[in-house]
Each structure stands twice: as C-alpha cells, then as structure tokens.
Amino acid sequence: MSDALEMDALWDDFHRVVNMTSAELAAWLRVSDADETTEPLPDRAGSETGQHVLAILQKRRTDLTEDDLRVMEEVVDTVTAQTDLENEPVAEDTPRRHRLMTLGHDPLKP
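Below: a short report on this structure. Since the structure is predicted, the reported quantities are computational estimates derived from the model, not experimental observations.

**Re the pattern of salt bridges**
All chains considered together, the criterion is met by eight salt bridges. Arg61 is the salt-bridge partner of Asp8, the closest N and O atoms lying 2.8 Å from each other. Taken together, the residues span a long stretch of sequence, with Asp8 in helix 1 (residues 4-17) and Arg61 in the loop between helix 3 (48-57) and helix 4 (66-82) at a distance of 53 residues. Exposure remark for Asp8: the relative accessible area of 30% places this residue in the partly exposed category. With a relative accessible area of 30%, Arg61 lands in the partly exposed category. Of the charged contacts, one joins Arg70 and Asp67 as a salt bridge, the two residues approaching to 2.5 Å between their closest N and O atoms. Placement of both Arg70 and Asp67 in helix 4 is noted, with a separation of three residues, approximately one turn of the helix.

Reading guide: rules and limits
Residues numbered from 1 in each chain as written. Predicted model: local features only at pLDDT ≥ 70, side-chain atom pairs only at ≥ 80, totals over all residues. Heavy atoms only, no water. Salt bridge = Lys/Arg side-chain N within 4 Å of Asp/Glu carboxyl O. Helix = DSSP H or I, 4+ residues; strand = E, 2+ residues; numbered from the N terminus. Buried < 20%, exposed > 50% of the residue type's maximum accessible area, 1.4 Å probe, protein only.

Functional significance is not addressed by these values, which are geometric in nature.
Written out as structure tokens, the structure is:
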C-alpha cells in the first residue's frame, strides 16, 4: 500500500471505526484480561491485535509500518463486517460488544 491516497483512506477508515481513545482502549484491555486475583501488566493486557491497535493509535501517520497497515485493514474489515452502523447493538449484546471493544470500537459510544 504505497499509494498516498489509499493510505489516507485507510487512516480515515481506521479512525472512523476505532472510536475509543487510546486511554479507553488501554483501560478496556486491562479490565478484559483481569481476573479476580490478578491483573496483567499494562503492556501485556489484551489480545495481540488489541495491543497493536493501541500502538497504532499512539502513532503519527508517517510512522506507520507495513504491519500496522495490515492490522488497520483487518480492523476496518472486521468492524465493518460485524457492525451495521444504522443498527448498532444494544447493551444486552455484551459478548459482541466486548469483541468489538477489543479492537477499539465501542458500538454503544455515540
């Protein structure tokens, strides 16, 4: 993906579907991985993809790697496929919401 227009479009799409801030995502990854007695180290909390999304949110567009672009495409495709933007899930659809939040998309967030 060397074309600047494609990269700009991916950047915009990624930031459209990832509607959680880096602080919100970091907190969610820690909470989702914690159990009753332990909490993971902050840099090890959550899935590998969730950690990668968090790292991308903290980067400038010019600092993106090919691996970052691949993850961004995967996240955009996954969130778009699982989310009908006109029919967001209700709070009762907790497992689906939690899966999307691991990718940085909270479907209940306005």
